[in-house]
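# Observations on the model geometry
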Amino acid sequence: MTIATTPTAADATHKDMANAIRALSMDAVQKANSGHPGMPMGMADVATVLFTKFLKFNAADPDWFDRDRFVLSAGHGSMLLYSLLYLAGYPGVELDDLKNFRQLGSKTAGHPEYGHIAGAEMTTGPLGQGLTTAVGMAIAERMCAARLGDDICDHYTYVINGDGCLMEGVSHEAIDLAGHLKLNKLICLWDDNDITIDGAVGMASSMDQIKRFEAAGWNTMRIDGHDPAAIESAIELARKSDKPTLIACKTIIGFGAPNKQGTASTHGAPLGQDEIDATRANIGWTHAPFIVPENVLEAWRAAGSRCMADYEAWGQRAEKLEASERDRLLEPVDETVMADVRAAVNEVKKTISAETPKLATRQSNAKVLEALLPVIPGMVGGSADLTGSNGCKTSQYRPVTADDFGGNYMHYGVREFGMAAFMNGMALHGGVVPYAGTFLVFADYSRPAIRLGALMEKRVIHVMTHDSIGVGEDGPTHQPVETVASLRAIPNLNVFRPADTVEAAECWEIALETAKTPSVMAMTRQGLSTVRTTHTEENLSARGGYVLRDTDGDRDVTIMATGSEVEIAVEAAELLGKDGIKAAVVSMPCMELFAAQDHKYRHQVLGDCPRVAIEAALRQGWDRWLAPHDAFIGMTGFGASGPGGELYKHFGITADAAAAAARKRIG
């Protein structure tokens, strides 16, 4: 007589563990009546091998600094990640969370959202950005290792991406730079299933991705994505490579669904109950929806804690760091660093207010950075092939290269979108403070990554120069008349447009202090007069807008301006003063911060009198501060090619025009 025994974790096979992912994924999508079951079902074998045999992590401490990073670039397959997090035992990820997939307020959002659920290294969904951001993580890993040593920072970055990620143009920027820098600890697991929403990949692409990656300097392999031995062997080889590695995992989308696998119908819609029942029978999964056998769950939980020895050993090594250095692994800008930042900024302000130089704010940017770099550990700059123009390079310049990650400056090449995403990845990794420059008009290339950084609440500083028609002769293609307004429309993004070096220094202080908000520094090409000629210890820009030039007694008009137009506003006020008209000047370096102030402060700054706003850009966004009878002096369309000074006159953005508008409204 055979006595039945209760299965143990040791009895759980690879197939059992992978099928747990498949079952949870198809059940959650079915219950939500929304989602993408095909990709999780197809990549379940790859993910199981990765998480049980290679990924260095401790599910109990998702923020362990030296963990391997895992990025699901194909974020639509979010149930793959959520299943893994639940099965491995990440804190706060319960079965009910999977049952509430895609519901309002659930941790398990339609696409993984950074900060909403433990274990989501970043927000993914916009295809290509996960892969590109992961390159930034891999760069940061090497930089931190160069600074802190391999005992503290020595881990891999793994990415699962799909065909769509590789079709997106930004993927070229990502794989090109990764190959150039020889990021050999970056391993890309390509879900090579030949299916997109519309149908077969061949409908839209004939690209040989293997040759493409090889041309960019990557190591490449092709494997059967459903063969656990082949998957294990490939990852083992990739970890020994001196280059980044692409593993093309040939998979069947919706693997296990007998009537729908391999078709586009499994990509973005529930399988349907009949197909789910058939799938259960086909893969031998006899358990009810959302039920994982105890021994299979135990095997997964063991995988979640299998790196405990590495975790504890790392903790002992980290204890040898100075307490402040250890604390700065994840957040480099602590209160001690901020105190040094404030002191450095204050010295810059004192010097500039005393010397009153005429500088383009891109030059101001360089002056401020000269003072900041020595006091911020891990601060790294860069430019998208505009190093000589953006003011991001300092005398402390040391380039990051494939042979030296101890530098402080990245040459990103002509890759604006990639650059912004790389910086997101660096900020997400921790240990570095990224900033980099391009022209403001090219923010349109960077926008998707800027938006994603704002959504993830990560401090990244985008220096964007040549910010108006002041660009001059390069003409309307390079004159960003609408760009500032469009950036101001992005939630949780501070757009700074400083009027001089003093304001530039203050804006940098704010950007560094604001850990959960990225910033754009819109800087000029043309020289500007110093308008802050009296030193103040207080950071006047911190409230977004302030009275730069007040009046004796009640004012007759308020003239508001940002950036290069503040000096025009001051000149207009002086012209009005000759006629006995009392004009106050308000500098508004950051509308977002000003909007966050209480009504009393905003009223105190703007007053009750007529208002004139000046900005060498479109009016959009200014009407929140202007009544219908108030005036706006700025652009109404695209610019033109010609010397910057002449363009300001041509388009009527002058002190005379502002003064005339003021007289008309108070007459």
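Above this note sits the structure.
These numbers come from a predicted model, not from an experiment.

### Examining the packing of aromatic side chains
This model, assessed by the stated rule, comprises 16 aromatic pairs. Between Y412 and F422, the aromatic rings sit 6.0 Å apart at their centres with planes inclined by 20 degrees, giving stacked as the arrangement. Pair noted here: Y412 is in the loop between β10 (409-411) and α18 (416-429) and F422 is in helix α18, with a separation of 10 residues, a long-range link. For the residue pair Y412 and F422, the accessibility class agrees, reading buried in each case. Aromatic side chains F594 and Y601 sit 6.3 Å apart centroid to centroid with 65 degrees between the ring planes, which places their arrangement in the edge-to-face category. Accessibility expressed as a relative area gives 0% for F594, which makes it buried.

### As for the pairing of strand β19 (residues 611-615)
Counted residue by residue, β19 has five buried out of five residues, so it is predominantly covered. Taking every second residue as pointing to the same face, both faces of β19 are buried, with R611, A613 and E615 on one and V612 and I614 on the other. In this sheet, β19 lies alongside strand β17 (residues 557-561) in parallel orientation, the contact comprising four bridges. Looking across to β19, one finds that M560 is bridged to A613. Sheet analysis places β19 next to strand β20 (residues 631-634), joined by four bridges and oriented parallel. Of the residues in β20, the one forming a bridge with I614 is I633.

### Points about the sheet that holds strand β1 (residues 69-72)
Reading across the sheet, the five strands line up as β1-β2-β3-β7-β6 and stay open at both edges, with parallel pairing between neighbours. Edge positions in the sheet fall to β1 and β6 (219-224), since each has one partner strand and no second. In this sheet, adjacent strand axes meet at a mean angle of 20 degrees when their direction is disregarded. For β6 and strand β7 (residues 245-250), the ladder comprises six bridges, and the chain directions are parallel. Residue pairing for β7: T220 is matched across the bridge by L246. Of the strands in this sheet, β1, β2 (157-162) and β3 (186-192) are in contact with helix α6 (residues 129-148), which crosses β2 at around 170 degrees.

What counts, and where the lines are drawn
Residues numbered from 1 in each chain as written. Predicted model: local features only at pLDDT ≥ 70, side-chain atom pairs only at ≥ 80, totals over all residues. Heavy atoms only, no water. Phe/Tyr/Trp six-rings, centres within 6.5 Å; stacked < 30°, edge-to-face > 60°. Helix = DSSP H or I, 4+ residues; strand = E, 2+ residues; numbered from the N terminus. Buried < 20%, exposed > 50% of the residue type's maximum accessible area, 1.4 Å probe, protein only. Pairing = 2+ DSSP bridges. Axes fitted to C-alpha atoms, helices over the stretch in contact; angles between N-to-C directions. Contact = heavy atoms within 4.5 Å.

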